Every structure is written in C-alpha cells, then in structure tokens.
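# Structural overview
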Amino acid sequence: MASASYHISNLLEKMTSSDKDFRFMATNDLMSELQKDSIKLDDDSERKVVKMILKLLEDKNGEVQNLAVKCLGPLVSKVKEYQVETIVDTLCTNMLSDKEQLRDISSIGLKTVIGELPPASSGEYCQTASVCKKITGRLTSAIAKQEDVSVQLEALDIMADMLCLLVNFHPSILSCLLPQLTSPRLAVRKRTIMALGHLVMSCGNLVFIDLIEHLLTELGRNDNMSTTRTYIQCTAAISRQAGHRIGEYLEKIIPLVVKFCNVDDDELREYCIQAFESFVRRCPKEVYPHVPTVISLCLRYLTYDPNYNYDDEDEDDNAMDAEQNDEDYQGSDDEYSDDDDMSWKVRRAAAKCLDAVVSTRHEMLPEFYRSVSPALVCRFKEREENVKADVFHAYLSLLKQTRPAQSWLADPDAMEQGDTPLTMLQSQVPMIVKALHKQLKEKSVKTRQCCFNMLTELVNVLPGALTQHIPVLIPGIIFSLNDKSSSSNLKIDALACLYVVMVTHPAHAFHAHVPALVPPVVSCVGDPFYKITSEALLVTQQLVKVIRPLDSQQDGSETFDPSPYINDLFTCTIRRLKAADIDQEVKERAISCMGQIICNLGDRLPTELPGTLLIFLERLKNEITRLTTVKALTLIAGSPLNIDLRPVLPDAVPILASFLRKNQRALKLCTLAALDILLRNYSSAVTPAMVDAVLAELPPLISESDMHVSQMALSFLSTLAVTHPSSLGQLSGGNILVQLIALVRSPLLQGGALAAMLDFYQVCALVATDTPGLGYMDLLRMLTGPVYSQNAALPHKQAYCSIAKCVAALTRACPAEGPAVVGQFIQVPVCLSAHLSVCLSFRKLTLHLSVGLSPPVCWSLSTCLLVSLHLSVSQVKSAASYALGSIAVGNLPEYLPFVLQEISSSKRQYLLLHSLKEIIGSASVAGLKPYVESVWSLLLKHCECQEEGTRNVVAECLGKLTLIDPETLLPRLKGYLLSGSSYARSSVVTAVKFTISDQPQPIDPLLKNCIGDFLKTLEDPDLNVRRVALVTFNSAAHNKPSLIRELLDSVLPHLYNETKVRKELIREVEMGPFKHTVDDGLDLRKAAFECMYTLLDSCLDRLDIFTFLNHVEDGLKDHYDIKMLTFLMLARLSSLCPSAVLQRLDRLVEPLRATCTTKVKANSVKQEFEKQDELKRSAMRAVVALLTIPEAEKSPLMSEFQSQISSNQELAAIFDSIQRDSSSANMESMDTS
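These lines cover the structure that appears in this document, whether it is placed above or below.

Cut-offs applied
- Residues numbered from 1 in each chain as written.
- Predicted model: local features only at pLDDT ≥ 70, side-chain atom pairs only at ≥ 80, totals over all residues.
- Heavy atoms only, no water.
- Phe/Tyr/Trp six-rings, centres within 6.5 Å; stacked < 30°, edge-to-face > 60°.
- Helix = DSSP H or I, 4+ residues; strand = E, 2+ residues; numbered from the N terminus.
- Buried < 20%, exposed > 50% of the residue type's maximum accessible area, 1.4 Å probe, protein only.
- Lys NZ or Arg CZ within 6 Å of the ring centre and 35° of its normal.
- Contact = heavy atoms within 4.5 Å.
- Pairing = 2+ DSSP bridges.
- 1 Å grid on protein atoms, 1.4 Å probe; cavity = no way out; pocket = protein on both sides within 12 Å on 5 of 7 lines; lining within 4 Å.
- Points joined across faces, edges and corners; volume = space filled by probe spheres on them.
- Expected span 1.5 Å × (residues − 1).
- Core = buried A, V, L, I, M, F, W, Y, C linked by side-chain atoms within 4.5 Å.

### Re the packing of aromatic side chains
The relation between two aromatic rings is expressed through the spacing of the ring centres and the mutual angle of the planes. By the definition in use, this model includes 7 aromatic pairs. Ring plane angle 20° and centroid distance 4.5 Å describe the contact between F380 and F392, whose orientation is recorded as stacked. Of this pair, F380 sits in the loop between α20 (365-378) and α21 (385-402) while F392 sits in helix α21, placing them 12 residues apart in sequence. Judged by its relative accessible area of 1%, F380 is buried. The exposure class of F392 is buried, given its relative accessible area of 1%. On the numbers, 5.8 Å between centres and 65° between planes, the contact of F760 with Y761 is edge-to-face. The same class applies to F760 and to Y761, which are both buried. Three or more aromatic residues link up through ring pairs in this structure, and these residues are F380, F392 and Y395. Positioned above the aromatic ring of Y1120 is the side chain of K1171, whose terminal nitrogen or guanidinium carbon lies 5.0 Å from the ring centre.

### Concerning the environment of K917
Along the chain, the position of K917 falls in helix α47 (residues 909-922). Looking at K917, the relative accessible area reads 12%, which means it is buried. Distance from K917 to S881, taken between C-alpha atoms, is 9.7 Å for residues 36 residues apart in sequence. Non-local contacts of K917, meaning those with residues more than four positions away in its chain, are made with Y882, V953, E956 and C957.

### Comments concerning the pairing of strand β2 (residues 1074-1079)
A regular strand places its side chains so that they alternate between the two faces of the sheet. The pairing of strand β1 (residues 1066-1071) with β2 spans 6 bridges and is classified as antiparallel. By the bridge assignment, M1071 is partnered in β2 with F1074. In this antiparallel pair of consecutive strands, β1 and β2, the connection spans 2 residues, and G1072 shows a positive phi of 65°.

### Re empty space enclosed by the protein
According to the stated counting rule, one finds 5 cavities of 30 Å³ or more in the structure shown. Approximately 70 Å³ is the volume attributed to the largest cavity. Forming the boundary of the largest cavity are V653, L675, L678, L679, V686, M690, V691, V694 and F716. Secondary-structure elements contributing two or more residues to the lining of the largest cavity are α34 (665-681) and α35 (688-697).

### What to know about helix α62 (residues 1196-1207)
The end-to-end C-alpha separation of α62 is 17 Å, in line with the 16 Å expected for 12 residues at 1.5 Å each. Turning to α62, its buried residues are M1198, S1199, F1201, Q1202, S1203 and I1205.

### Some words on the nonpolar core
Membership of the largest hydrophobic core comes to 281 residues, with the highest contact counts inside it found for Y395 and L698. Once you skip the residues sitting within four places of it in the chain, L698 turns out to touch L660, L672, A713, F716, L717 and I736. Residues L912, W936, V953 and A1087 belong to the second largest nonpolar core, which totals 113 residues.

Shown next as structure tokens:
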C-alpha cells in the first residue's frame, strides 16, 4: 500500500508540470492505476487525488480535460462517500460557470459519476441516496433559476439519468420540473418530459397523483395550443414509462384527448393519437371500453390527406404506362408541393395506433376484419412512403394475430358459428391482391419489400389462398428479380416470397408461368452475392417439384412437359455444386437442390447422372458437406423413378457405415435412414460385404442411451431381414443380439423404439425359421430365460411387459406355435408370483390367438386367470385382469358373457371391471354392439359403489361405451345427472371425461350441445361431484377447447368460486396427543387451479386477465400444492400477458417475498425443510420470469425485493442458479431451432 501511495504521489507531482504532455501521461497512468482492483487509497491520498482531478478539469489542454473526466468513473468507486460528495459539489458549481467548455466538461463529469453510482438493488443504497440528494438540490435550483437554456438542458439530462437510480426524494424534483413544461424553449420542454418519464417509474404514489392532477388541470384549462401539445406529449410519455400506474386515471384523460383530436391542429392530432397508442399498449384493461372510439378516430385520420386527391390517381391507374420515364414522374411531383404539409404525420400516427390495437386485442379479430382490414387495404395506395410502410406493418400485425388462432378456427371440429377471422380474411383476398398488384411495380424498394412480406404472411396464415391470383402476382415478383435497381435485400425477399407461395399452392397453378419464372431464378442462382444464390437455389429446388411433381395425381401434372427447362435448371445448379470456394450455405443448398433435380428429373438426365453422382461421392467424403449429402442421397434413393445408383454404391455404403461411429447424432440418424432405403430399393446391388460393414457398426447404436437411434437401427435390421435373410446368421453369434436382449429388458423401452423391436421379432420369426440360433424357440428362450431363472431377477417391472409384448409379436408371426405356448404358460407354478406376473403379461398374445384355441385350452386359460385374481401380489392380479380382457376381445361371444356373469357374482368386481374396460377399449364397434345394453345395465348397477376406485373404472367403461352409440347413450348419461345419489352423479360426470379426446369424433357435435348440462354440476352441493366436474372441464379445455369456449362466461364464475379457502371445510383431527388440521376443500381448490393453468394455453383470448390474476394472487397465499401451481402460472403469465402482470406487480411481489423469507421451525421433520426449499426455488423461478418483463425491475417493491435477495446468501445462490438454468435453456432452444 505504501508503494502504491508513493507511486500515486509521483503521478500527482507530474500533473502539476507546465508541460501538457507530462500532465497527459501522468493522468493516463493514474487512470490505469485506478482501474486495478487491488488499489487501496488512504485518506490523504484520496483527498489529494480528488483535488488534482478536479483541478485538471479546468486544464487549458482539452485532451488532459477529457482524460480527467474519464478518471472520475473508476475514482468514484475507490474513494469514500464524503469525497464523492466533494466531487459532485465542485462539478455542480462548475456547471453554472460562465465558461462554456468548463460547463460541458462538468456535465459530462456528473453523468460519469451518476453512471458509476451503485443502483438501489445492489444493497449500497445509502451512498447513492446521499450523493443524489446533493446533486438534486443543486440541479433543481439550476433548472428553476437559470436563464441560460443550455445549462437547463444539461441539468434536465443529468436529472433523467439520476432518476434511473430510483432515488426517493421526488417531491422536490417534481416541483422543479413542472414549471419547465411551460418553458418558451421546446427543447427544454422535451427534456423535462424525458425526466418526468424516468420519475414516474419509481416515484411514490402521492407524487404520481400530484403529477397526474396537474396535467389534468392544465389540459382542462387549455390556455394555449402550444402548452396543450406539451401536456398531451407528457401524458403519453408517462403512459409509455408507467402504463400500469396511469390506468385508473384514463376515464378522466381519454375524453380530453378525444376532444383535442377534433381541434384543427395536425401536430396536436398526432400527439393525441400517439397518446392513444400508448394507452392501448400499456393499459389494456382500462382502455377496453374506449377501444371502439380509438378505432373510429384512427380510421378517420388514416385517410386524412386534405391536400391530395386520390380519385384522379385511381382513374388513371389503367391508363398509366408501366414504362413511364422519370421526367413524367418529376413533372407530376412539381404540380404539388407538400413542404408545409404535416397531415402525413397524423396518418402515420393513426396507422401505428391501429397496429397497437390489432396487436393487443386478439378477442376483437372478427370486428377488425369487418372494419379495420378493408380500411388498411384501401390505404396501400398511400403516397407517403413512411406512412405506407406503417400501414403495411399494421396489416401484417393483423395477419400475425390471426395465425395463432388458426388451430382452433380452421379445425373442422371447432364448430364455431358464423364468420371466423379466417373465413373473413379468405373473402377479402381478392381485394388485397388487387391493392398489392400495383404496389408490386412501384419504384420504391421499401414498398415492394412490404408487399413481399405481406404475401408471405398471408399464405402462411391461409395456405392455398392465392391459387386463383397467381397470374396477377407472378409478374410483380419477376419485375423485382429482373429490375436492375433492385437491392440485394429486395431480391432476397422476392425469392423468399416466391418460395413460400410455391410451397403452399398446388403445382398446376404455376405451370403457365414456368417459362417466365425460370430465367430470372436461374439468373439469381448465378448472382455473385451468396445470400441471393442461396435463396435462389431453394426456389429452384421447389421449382423442380412444380415442373414435375412425383405425385402426379394433381390436375394437369401429366400434361405439363418439363423438358425445355431441365437443362437450364441443371446447368445453373451443377455450376454451384462443382464450385469449392463458395459459402457453406450455398454448398449445402446446391447439394439439396441437385438431389431434388435427380429425384424428380433423373430419368431425363442419362448422360449427366454418372458425373453428378461422383460429385456427390466427393461431397460425402467432406466433413462439412457430408450430412447434407446423406439427406440428398436418401431423397434420390427414395425416388419412384428408380434412379440408377449402382455405380456409386460400392464406395458410398462403406463411407455411410463409417458415419455410424461418428459422434454426431444427426449424422447417425440420417445415415441409418439412408441405409434403410438403399436396402429397400437397391437390395440386389447391396453385396454381403457391404452389409457386413454396416453390421459391424450397429451394436453400439442399440442402447437405451438413445432410443431414437436404437429405433432407426432396429428398423434397418427389420429391412435387412426381409431383403438379405442370409445375413441374419451373423446376428446369432455377434453382439447385436446381446444388445437387443439388453434393450428389451430396459425400463425405458417404449413408443417408437418398442414398436420397431416388435416389428423386428415378427420379421425374424417369419424369415429366419431355418437360421441357427434365430428360430422361434431360440428367440423365445432368449426372451423368457431371465423370467424363469431363479438368479437373474429383472431390474424393473416394465421389462416384464416389454418381454411379454415381444413374445406376443413372435407368436403372432407363428400362429401354429400359439396353443403350445399358451399351454406352457398355464403350467407355470402359481406359487412363483414374480414368474406368474410375467406369464400373465404374456397372455396379451392371446388377443390374436384365442379364436384358434381349442375349448379346453380356452377354459383352462380363463380358470387360471380367475385363480390369479385371488392372489396376494397386486401386479399379478392387475396383469391377470388385463389378460382376461385381452383374450375376451379375441373371442367376444365366448368370453364376454362369462366376464359379465363373473362381475355380477364375484367379489373381485374391481379387477373384473378392469377386464371389461380392456374389452370395451380394444374390441371392434361392430363386435360390441350386440352387447351394449347388457353391459350398460351392469355398469349402472355399480356406478353407486362406495369405493371410489371401482366408480372410476365404471365411469371409464361408461364413457368408452357411450362412444359406440352416442345418439342413444349420451342422452341416457345426461338423464342420470338428476339421480339422488351423489356417487351416481360423480360417475356420470367422470364418464363424460372419457368421451373427450384430442381427435375429431362423431360424438363431438352431440357433446357440444349438452356439455353445459354436465358442467352445471359445478354448482352441485356435493364436494366430490364438483371436483370431478372440474376434472372433466380441465380435460375438455386441454383436449378439445372448442367444446367449452362458448360456455366460459357462465362457467368461469363457478370455477373462480372454487379457488377460495372455505373455513367451514377445515376441521381438526386428534391423533393421539397431537391435533392435525384437515382441509376437505384442498382437492377441490387444486382441481380449480389446474383448470386455470390449462385455460392459459387453450382459451387465453376468452379470459379477463385481471380477474384471473386476482385468483392467482389468492393462490400465492394458499397451501403448498396450490402455491406451486400458481408460481407456474405466474411464470407463464409473464410471457403471455406481460403488461397485465406489470400492472399487478406490486401486489404479486409481497406473497413471493413472504414465501422466500418464511423459516421452518427448528424441530420440524425433514420433509418440511424439503418442501420449503422446493417452494423457495419455485417462487424464485417466478421472480426470474417476472424480471424478464421490461421495466419490472423499475418497480420500487420489486427493486427492494431484489436487494433483499442479493443480501441473503441462500436466496442469492438459488436466484443465480435459476438464472443460469434459464439462460442455458434459452441457448439450447436457439440451437435446436
């Protein structure tokens, strides 16, 4: 430290030198020292350094002054608080100096100091507050008393910077700023508005009320137009910065703004409409009643152009020659001068305001298509380019708003009545195309780009909508591709638009235009700019599919002759394919494009094909291009044209085999797909040596570590078994079979990988009967070996199920072996419960065999299963019940009456009902129809059973049975809602849940008409009935929201009612010496909150978010389970409705803080500590999500909470780890996209 002080003393001495270079170098060295973390200054050194730096601010040399200002930044963090106050005091004094240069340097210095002060959330608030207090006192007096405008402007600028630090002495700042709103200088007013914008983000409520009351009073007084404009601007700025606070005053503000909109002053109108835009974006709930007024004003001023007559232009549209020269245009411009015309600003503000309305009010889409859409389309002819761009942008927003709704609007099952936004948009397409037709030939590049963006979005929302209008649009696209004045971006946009249009429309629509399209596209492929080339190759690839679609069922495809264009497309692509010194993206697109050309046109290129395939072989050997080449070869190999790949297979297959050991997952998957299709289509050309090369690489790929790769490898083996059965001999002695058996025993085997495994065993059993080690009995022994072994217990019960399915697949392929195998399983000793569990699972295979079994074997089997139902091991009983159901499906006349009789007489009704459920779920509709009445009456006898588990199985059976004959059974189900038994009512409502699926079904229209009656049970007096009604509602909202969308207005109040804690349902239970509180309403509340969470995904546009947030807020203070749900909801809402959450932020922070700071009693059990930790983590996830909302951290309460988190070591650690997790998750999602 002594050496540092000595070094700094030397530097300070040099700073007093008369030589400016000495002073400069010494100051530079001092700055380097101050930037070191290790530097520590004693009090004396601090004082001397501060004094010298302040002195150098007045140095005669400008460079020394600049360096001295830069030193202030690191110096502030190294010296004590009173020294910072000295610096600030001196800088404030210098700001009022007569010397302009010193004033400028001092204001820069003050901004530097403020920028270095720690923010309030860092925990070092005291220093910041005292320094800011000193600055505020000096600045407010400077702003109020100073006559020099430049000083005022600088002071206002510094004030705005300082207010970002969340200082808390706002009343004096406000009283200083308000008079400046009437300053004669507009620049001062502007800076004041900026400072007030920063002020309202963090000021207290009383200061905010004072400010708003002042603005309302002044607007009401309306002394002169100039100050009124300023007050309107200020209101808009406050709304932009703190919209969540101004909402409650909108009822007073909006009538005033509407009144000023009608004043004949263009600048005032612009500011009024900008204020509306701000209100719409920042106060969505409060502005809702005024949206129709805002829309009508915007539509009125969107066409406000008093100095220009558009009618003449419309009349001249057809007469105007497309090749009119520049002089003609110049002449027409000279007739009209708009230097003083401000009306374009009003039109632009109106377009932007409509954009805001359309973007934020999704529920008004039908209304927008009735009123806003035609008005915007009519304004595509706008003469001012900037305004036109905003009109296009507003329409783009409208299209984007239509797009998310597409899933439920376009779904034929959605059953929406009347005009939907999509059908209304469809009817307006001719009008849109007519408006765009002329714009596509405009000289303005920006306008044409807007047109292409519009068309792209339009066909994404309505694929195929432009089929009738292709002849009108193609010339406009070609015009931009051929136009010498077109910028690169315009060409890229034109090509991207052409590509999307071709992808979303039938090929025959373009056949008439192919002669005109090919030359410009070929020209773009040869463009020197790589981005244009890349986009053009993508278009070429699609163009190949257009000129010769391989699915030639499309109208006119057979009659179109592609021959004239093949050479041009091939030549331009092969030139890019051969080039080695081009961009990576172009290389990949050229390979893909050539793959498509050979796939669709290979039979027309007999001489060019061999050379091209050799190039592919070269690209296959290149690490950078190999993945794209594998995909291209897969495409070619799958072509129905049977392209001759034999010349390259001897070299290509070993290369592909080597890819299977590469550490690149995508490459492995694509390679396995390529090898599979080569085996299918070119089996004669694939030699045993090639197969051996591939088989040698397969064992490591068949593993539970990557199920998708395993699935592809199994599919390849199944194909190999069909095309090269002789190669299967290698499996029996190699590692592949070992890996297969290991995978069968894995608890992770399911879905596609399991299906591929079953397929492989079936194929093996069919084709490998004579192959040693792969016969039926060999495979059966391998699969069932561990089951019968006393020593080799399987690791997981899922393995038993997988083995059972594999045995069933084997036996299905060899039905002759079936009876013997079933007989063998019947003989298994009953006492070996684990083994029996497996054997009972095996009986799934009897689903396909029971018809072919002899009657004695059938009855032995059913008797064995009934005995198993009485065993003590639950897994055995469960497997037996499912097996009984499965064998019944194979022979309904024999077994179903038997099962029904057993249910009526046996005590094992729960298990036998599971058998019945299996029968109803798996049997054919035609097979079950004769038994519907007897099954229905039996189920109704058991729907009032006191055991909930039994009732649930009965309900599932009733629901699935209703799907067989909905016209008859659904009304019956509805009739039982009037039953006096609450058990019966709950069974019926639960049954409805099982009639709902995410796929269209015949029952859907009937269900939509009566689901409201079932949901009326939300008012049932019985708790359990209300709970199952909520579960059914949740299922409908999740799987088929169209069923309940129209009922939400009546259902939501009952749903919200169930989220409240009811004291009458809370009781105390004595457990020995302890008293335990039981909340009977907890399950009901959980079900209600689960419904709310589902509605966020499926019916967000039908929810009043602020009412919704009220109940989320209550949930944040509820039981552990409900808190966890509401934390998830809060995180979801932060991304879906950020502005609404921001308005409620202060109320949401408090329960989050309470959760994070709650301490568990020291003598609590371990589970209590774990639950509290999990709650803290979940709450912190919600906090991290809330902080992603722009301006959330500007809330004083949130800022204070952040400060509390950072000062608590445990909370800070949790917060940091969650932030890291979320940022890494974002990075991963970017990678996968």
